[in-house]
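Letter by letter, the chains look like this.
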Amino acid sequence: MKKSKKGMVITLLSVLMLSFMLSACGGGKSGQEGSGKGEPVKLEFWTISLQPTFTDYFNKLIEDYQKTHEGVTIDWKDYPYDAVTNKLLTSIASGSSPDVVNLNTEFASQMGSKGAVVDLNQFLTEEQKQSYFDGIFNSTVIDGKAYALPWYTGTEVLFMNTKIVKDAGLDPANPPKSQDELVAWAKQIKEKTGKIGYSTQWVSNLFPKEGIKILNDDKSAAAFNTPETKTILENIKKKIADGVIMKEDVPFTKQIQYYSSEQVAFEIAGPTFINFLKTSAPDVFKNTIAVPMPTGKADVRLSNSMDVVVPGKSKHQKEAVEFAAFITNADNQTAFSKAANTLPSTKESIKDPFFTASDNTLESQAKIASANSLDKAVDYMVGVPNASDINSAIARGLQKIMLNDADIQATLDAMEQEVNQVLKK
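Residues numbered from 1 in each chain as written. Predicted model: local features only at pLDDT ≥ 70, side-chain atom pairs only at ≥ 80, totals over all residues. Heavy atoms only, no water.

Trainee: Can you help me understand the sheet that holds strand β7 (residues 157-161) in this one?
Mentor: Strand order in the open sheet formed by three strands is β10-β7-β11, with antiparallel pairing between adjacent strands. Each end of this open sheet is capped by a strand with a single partner; those strands are β10 (266-269) and β11 (288-292). Each adjacent strand pair in this sheet contributes to an overall mean axis angle of 25°, direction not counted. As paired strands, β7 and β11 are joined by five bridges and run antiparallel to one another. Residue Met160 lies in a different strand from β11, and its bridge partner there is Ile289. (Pairing = 2+ DSSP bridges. Helix = DSSP H or I, 4+ residues; strand = E, 2+ residues; numbered from the N terminus. Axes fitted to C-alpha atoms, helices over the stretch in contact; angles between N-to-C directions.)

This is the structure:
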């Protein structure tokens, strides 16, 4: 399954190979030789770290598809997360491209921005496109071209220590729904109990949560250095001073410690947080509930999705898109979510009782809260080959502002200059 870290690290070799590949790539309906009516079609399908846990699921999925698509056979291969990037670029550059590939949104967007994957609009019906949650589907739409079908996903939820909340005179049955309400709750908690609201890491996803674009539309320059951004950062510094947010850059492992030791009242995380909490602090676990994540100015919740793409060099693009749509249709997404305990990206799927029925456990609360967040979910990624360098530059700047009280405007100017230099490499 996918790692918690968003995006893949694109090595220099990968970037060079991608540039080489694109010189002869194309992405239209060409490359369809050998896929005429009645001729056998063999599709090579790649996934990421799904064997052996889900071998039985995919064997049945493929068997069902082949029964209803005479003449089409699926050759399924599974590769480790850290190897799939170079493996894919090497295969495409050598002329032996797979036909359907499981990628995360970051790399799918990078491939799409370079024209290395098929524009699915050529083959999909409007009904098919509308079956996915809009924000997740549109995360890999570039200049009107749809470069990926969203597959399994996840969203953050708000975990709440009900004991601390009640001690502050607040009602956990009526949780905050916006960032402003969450801030008001955290201030009251600080005043009444001395506890801090929550801890976080200072990273680039702060910007999209507040509706700030990191890059301009053609991804050629930084777009975050605006008066609005300066105001938002000034407000965040005030939240730190008021005890809403801890004045520290806190990685996930340390966030668990702070919540487990009841130094903070809230934790913003995915459902995987539950297993760590259950082990580290059983008593705190018993007092914890999960609710949908309050939204900020952009009124979105960030998701972390896996997608399915069709490389531009597939020799059977039409058949490949048909299989990709089959993998990610509502019935199959529902079935996979039940097997893997993930979230689907299809609207119809979350009507299933699996996502609506609660047994009052924290696990079911988190699952339902996550599912109820999908209508506002977006999978935001920078979508350029040097995304990790850009994210690192922004994180360093934010840390200077929040932790070292660096001048906001001067730091934003330096961040902008560094990001623009990265984009020129």
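Trainee: Can you help me understand the environment of Gln417 in this one?
Mentor: Relative to the assigned elements, Gln417 resides in helix α18 (residues 408-424). Judged by its relative accessible area of 54%, Gln417 falls in the exposed class. (Buried < 20%, exposed > 50% of the residue type's maximum accessible area, 1.4 Å probe, protein only.)

Trainee: Help me understand the pattern of salt bridges, please; the structure alone is not making it clear to me.
Mentor: Close approach of charged atoms allows side chains of opposite charge to pair. Counted according to the given criterion, the structure contains 20 salt bridges. In this structure, Glu156 engages Lys209 in a salt bridge whose closest nitrogen and oxygen atoms are separated by 3.6 Å. In this pair, Glu156 sits in the loop between β6 (149-150) and β7 while Lys209 sits in helix α9 (residues 206-209), placing the two residues 53 residues apart along the sequence. The salt bridge partner of Lys351 is Glu348, with a shortest N-O separation of 3.2 Å. By relative accessible area, Lys351 is classed as exposed at 58%. Classification of Glu348 as partly exposed rests on a relative accessible area of 49%. A network of salt bridges, in which partner residues are shared, links Lys187, Lys238 and Asp242. (Salt bridge = Lys/Arg side-chain N within 4 Å of Asp/Glu carboxyl O.)

Trainee: Would you take a moment to explain the packing of aromatic side chains for this structure?
Mentor: Here a ring pair, both rings aromatic, is described through the centre-centre distance and the interplanar angle of the planes. Enumeration over the complete set of coordinates arrives at 21 aromatic pairs. Seen from their ring centres, Tyr57 and Phe58 are 5.0 Å apart, and the 90° between their planes marks the pair as edge-to-face. Looking at Tyr57, the relative accessible area reads 18%, which means it is buried. In this structure Phe58 comes out as buried when scored by relative accessible area, which is 0%. Seen from their ring centres, Tyr259 and Phe273 are 5.5 Å apart, and the 80° between their planes marks the pair as edge-to-face. In this pair, Tyr259 sits in helix α11 (residues 252-260) while Phe273 sits in helix α12 (residues 273-280), placing the two residues 14 residues apart along the sequence. There is no split in this pair, since Tyr259 and Phe273 are both buried. Among the aromatic side chains, those forming a connected cluster through ring pairs are Phe45, Phe54, Tyr57, Phe58, Tyr65, Trp76, Trp151, Tyr152, Phe323, Phe326 and Phe336. One residue, Lys367, lies across the ring of Phe354, its end atom 3.7 Å from the ring centre. (Phe/Tyr/Trp six-rings, centres within 6.5 Å; stacked < 30°, edge-to-face > 60°. Lys NZ or Arg CZ within 6 Å of the ring centre and 35° of its normal.)

Trainee: Hey, could you run me through the packing of helix α17 (residues 387-404) against α18 in this one?
Mentor: Two elements in contact, α17 and α18, have axes whose closest approach is 9 Å; the angle formed by their N-to-C orientations is 170°. As summarised for this structure, α17 and α18 are arranged roughly antiparallel, according to the angle between their axes. Contacts between α17 and α18 involve Asp389, Ile390, Ala393, Ile394, Arg396, Gly397, Leu398 and Ile401 from the former and Ile408, Thr411, Met415, Glu418, Val419, Val422 and Leu423 from the latter. Looking at the contact of α17 with α18, its residues break down into ten nonpolar, two polar and three charged. (Parallel < 35°, antiparallel > 145°, perpendicular 65-115°, else oblique. Contact = heavy atoms within 4.5 Å. Nonpolar A, V, L, I, M, F, W, Y, C, P; charged D, E, K, R; others polar.)

Trainee: Explain the confidence of the model for the chain to me, please; I cannot follow it from the model alone.
Mentor: When pLDDT is low, close inspection of the predicted coordinates is not appropriate. For the chain, per-residue confidence averages 90 on the pLDDT scale, and residues scoring 70 or more make up 91% of the total. Per-residue pLDDT stays below 50 along residues 1-36; that stretch engages in 96 contacts with residues further than four places along the chain or on separate chains. (pLDDT = per-residue confidence, 0-100.)

Trainee: I tried to follow helix α8 (residues 179-193) on my own but got confused; where do I start?
Mentor: Since the α-helix packs 3.6 residues into each turn, any two residues three or four apart lie on the same face. A rise of 1.5 Å per residue sets the reference length of α8, with its 15 residues, at 21 Å; its end C-alpha atoms lie 20 Å apart and thus fit the reference within 8%. Turning to α8, its buried residues number three or more, namely Gln179, Leu182, Val183, Trp185, Ala186 and Ile189. Projected down its long axis, α8 carries its buried residues within an arc of 160°, all on one side. Of the exposed residues in α8, those oriented more than 90 degrees away from the buried face are Asp180, Glu191 and Lys192. In the stretch just after α8, Gly194 is the one whose phi turns positive, near 85°. (Expected span 1.5 Å × (residues − 1). Arc of directions from axis to C-beta.)

Trainee: Would you take a moment to explain unusual backbone geometry for this structure?
Mentor: Backbone phi values are negative for most residues with the exception of glycine, while trans is the configuration of most peptide bonds. Residue Gln51 is joined to Pro52 through a cis peptide bond whose omega torsion reads 0°. Within the fold, Pro52 resides in the loop between β1 (41-48) and α2 (55-68). Phi at Asp299 is positive, roughly 55°, even though this residue is not glycine.

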